[in-house]
Amino acid sequence: MGSIPTHLVRLFTTDHRTGCRDVSLHFLSCFLFSLLLGSLLLLGLRFSLQYSLLVCGVISGCAVLLLTSSLFVSQRVRCFALLFLISCALQQGRNLLLAAGMGLVLLWNVSNTFQNLHRVAQSIVCNLENQVHLPDAPSSPLQTQVNMIRETCKRMEHFLDFGVVSFGVDIRVSGHAESEEAQEKLQEATQMLNATAEKAEAIYDTVSTIGNRVAPGISVLILALMTILFLKMHRQNKRYLNSYITPEFVRYDEQQRAEGRPHVLPLTKKEAKRHPSIPSARPTLIDGMSVLTFFIPVVVQLLTWSALIGLDALLYWIIQTVNRHMRQFRPIDVPLRVTLNGSPKTFSYSIEMFKKECLPQPTILLSQSLAPLSVILVVLAIMGLLSPKFLQAKILLIERFYGDSSADRVQHLHAKIVRKRSKKKLKAMKVVSYATNKQKWLHTV
């Protein structure tokens, strides 16, 4: 039973198959691997692009059939598919998750900030409409003043009636504050505000829709191109990521030792730090640098998300605080003292500074964004800690698929270490020779 997985790995990584049993096992492994990729595609289409279940099933089924046939025939496709999956957990996968997180922040928090600003602008226009124009409205300050003057005139008629002679007071009061012009300007401001808001919302919805539909496809395409470039660089450039001591390197060094040629194992402490052995569970300095490099963009994006979410929460808090203080404002009483024939009379009228129905009602959507962002951050943390091991897995995988190019890389690294050791020995010999000659010269003198 223990040899079956090894046999399946050999069939999957090579083109050497003999008999119907090998062909059947190879086809089964290709089908299961295609089914895994098809399931991931189904989930992506369903929950990311919001396609119907029927469309997702048809696309995923066709992809499974195409992948099965391609994997069964081509060794390069099998290597590329495995590298693609591993790449999803490295920098490219990190970039996809960071883009998804930024999309969530833009979708919920930034959009909510814009909506709250829109409500503040509507509140300003609403208060202007109630305070400036509509002078015939019963609650407007202008109409209140007119009513107060009319009431004063009635009281004056009462005081000037002496029974025999009555002094009539005929005062006509009318309010005029260029109401038509003010109303037109306010209507223009309202229309401009609504048009700007609708235009901004339309642009935002269009960009969001295009981003949700196009961005995943572009991201997958970029990820595929990066995987192809990684495979090409690894096969054609002997220096590319060629610093690891692999099992193939150990076998080559043992062969060199058996033939009496220079060998390099075991490595010195400095060489072991510079050339770690893989696979290995022990973290190395290179692994630490890889993890640090992985998390730098994550920290930058996290600060950006925090700033945008904090701005949304700050605006919500400011609006709520201002609303709370505005609701505490009572109508302002304006007293008026009139003295007629030595008899003082006091009248008053009130002005309502802020209309409660015009106060903005802000919203906050922290729960909608914080929950998925937390999941993304947890996944990124796991990916960052495992990123060095995934990189090692990619190197070992290519070595398994392409033994010829891996042998050339091993020979290049082995010769490089031998040259460095030779230079150090030569330098040490020169130092010893110089010291010996100096001692001889001093002794002669």
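Our structure's up above, just so we're on the same page.
What counts and how
Residues numbered from 1 in each chain as written. Predicted model: local features only at pLDDT ≥ 70, side-chain atom pairs only at ≥ 80, totals over all residues. Heavy atoms only, no water. Helix = DSSP H or I, 4+ residues; strand = E, 2+ residues; numbered from the N terminus. Buried < 20%, exposed > 50% of the residue type's maximum accessible area, 1.4 Å probe, protein only. Contact = heavy atoms within 4.5 Å. Areas by Shrake-Rupley, 256 points an atom, 1.4 Å probe, with all protein chains shown as cover. Axes fitted to C-alpha atoms, helices over the stretch in contact; angles between N-to-C directions. Parallel < 35°, antiparallel > 145°, perpendicular 65-115°, else oblique. Nonpolar A, V, L, I, M, F, W, Y, C, P; charged D, E, K, R; others polar. Phe/Tyr/Trp six-rings, centres within 6.5 Å; stacked < 30°, edge-to-face > 60°. 1 Å grid on protein atoms, 1.4 Å probe; cavity = no way out; pocket = protein on both sides within 12 Å on 5 of 7 lines; lining within 4 Å. Points joined across faces, edges and corners; volume = space filled by probe spheres on them. Expected span 1.5 Å × (residues − 1). Arc of directions from axis to C-beta. Patch = residues over 30% accessible without salt bridge, like charges linked within 9 Å, V, L, I, M, F, W, Y side chains within 5 Å. Salt bridge = Lys/Arg side-chain N within 4 Å of Asp/Glu carboxyl O. Lys, Arg positive; Asp, Glu negative; His and termini not counted. Charge placed at Lys NZ, Arg CZ, Asp CG, Glu CD.

Undergrad: Before we go on, may I ask you to explain the overall build of the protein in this structure?
TA: Broken down by element type, the protein carries 12 helices and two strands. Counted from the first residue to the last, the protein has its helices and strands arranged as α-α-α-α-α-α-α-α-α-α-β-β-α-α. For the protein, the residues scored as buried account for 30% of the 445 residues in total. Of all intrachain contacts in the protein linking residues separated by at least 6 positions in sequence, the fraction that spans at least 24 positions is 77%. Carbon together with sulfur atoms contributes 65% to the accessible area of the protein, which is approximately 28200 Å² in total.

Undergrad: Mind showing me how you'd approach the packing of helix α4 (residues 75-87) against helix α11 (residues 366-401) here?
TA: Packed helix pairs are specified by the crossing angle of their axes together with the interaxial distance, meaning the distance between the axes. Between α4 and α11, the shortest axis-to-axis distance is 10 Å and the interhelical angle comes to 175°. Between α4 and α11, the angle falls in the class roughly antiparallel. Facing α4, whose interface residues are Gln75, Arg78, Cys79, Leu82, Leu83, Ile86 and Ser87, α11 presents Phe390, Ala393, Lys394, Leu397, Ile398 and Phe401. For the contact of α4 with α11, a count of residues per class yields nine nonpolar, two polar and two charged.

Undergrad: How should I be thinking about the packing of aromatic side chains in this particular structure?
TA: Under the defined criterion, the tally for this structure stands at four aromatic pairs. Here the aromatic rings of Phe27 and Phe72 are separated by 6.0 Å at their centres, their planes lie at 75°, and the arrangement is edge-to-face. Pair noted here: Phe27 is in helix α2 (residues 19-48) and Phe72 is in helix α3 (residues 53-73), with a separation of 45 residues, a long-range link. For Phe27, a relative accessible area of 44% translates into the label partly exposed. Summarising the aromatic geometry, the rings of Phe230 and Tyr240 are spaced 5.8 Å apart at their centres and angled 70° between planes, so their arrangement reads as edge-to-face. With Phe230 in helix α7 (residues 179-236) and Tyr240 in the loop between α7 and α8 (247-258), this residue pair connects regions lying 10 residues apart in the sequence.

Undergrad: Explanation requested: empty space enclosed by the protein in the structure shown.
TA: Gaps between atoms show up when a probe of the same size as a water molecule is rolled over them. Summed over the entire model, instances satisfying the criterion amount to one cavity of 30 Å³ or more. Estimated volume of the largest cavity: approximately 110 Å³. In terms of lining residues, the largest cavity is bounded by His234, Leu241, Asn242, Tyr244, Thr246, Phe249, Ile395, Glu399, Ser406, Arg409, Val410 and Leu413. Looking at the lining of the largest cavity, the elements with two or more residues in it are α11 and α12 (403-444). Element by element, the count of residues in the lining of the largest cavity is highest for α12, at four residues. Partitioning the lining of the largest cavity into residue classes produces six nonpolar, four polar and two charged.

Undergrad: Before we go on, may I ask you to explain α8 in this structure?
TA: Since the α-helix packs 3.6 residues into each turn, any two residues three or four apart lie on the same face. For α8, spanning 12 residues, the distance from its first C-alpha to its last is 17 Å, which sits close to the expected 16 Å at 1.5 Å a residue. Among the residues of α8, those classed as buried are Phe249, Tyr252, Asp253 and Gln256. Down the axis of α8, the buried side of the element spans an arc of 100°, and every buried residue falls inside it.

Undergrad: When you look at a positive patch on the surface in this model, what are you seeing that I'm missing?
TA: Among the surface-exposed residues, Arg239, Lys269, Lys270, Lys273, Arg274, Lys416, Arg419, Lys420, Lys423 and Lys424 lie close enough to one another that they form a single positively charged patch. Elements that contribute at least two residues to the positive patch include exactly α9 (269-274) and α12. Broken down by element, the residue count for the positive patch peaks at five residues, all from α12. Take Arg239: it is sitting in the loop between α7 and α8.

Undergrad: Whenever I open this one, the layout of surface pockets confuses me. Can you help?
TA: By volume, the second largest pocket amounts to about 320 Å³. Lining the second largest pocket are 20 residues, with Gln91, Phe230, Tyr240, Leu241 and Leu391 sitting closest to its centre. Elements represented by at least two residues in the lining of the second largest pocket include exactly α5 (91-131), α7, α10 (285-327) and α11. Looking at which element gives the most residues to the lining of the second largest pocket, the answer is α10, with five residues.

Undergrad: Please clarify how α3 should be interpreted in this entry.
TA: Taking 1.5 Å as the rise per residue, α3 with 21 residues should run 30 Å; its terminal C-alpha atoms sit 30 Å apart, in good agreement. Of all the positions in α3, only Cys56, Ser60, Ala63, Val64, Thr68 and Leu71 are classed as buried. Along the long axis of α3, the arc covered by the buried residues comes to 135°, so they all point the same way. Within α3, the exposed residues directed more than 90 degrees away from the buried face are Leu54, Leu65, Leu66 and Val73.

Undergrad: I would appreciate a short explanation of the environment of Leu107 in the present structure.
TA: Position of Leu107 among the secondary structure elements: in helix α5. According to the relative accessible area criterion, Leu107 is partly exposed, its value standing at 39%. With 261 residues separating them along the chain, Leu107 and Gln368 place their C-alpha atoms 9.8 Å apart.

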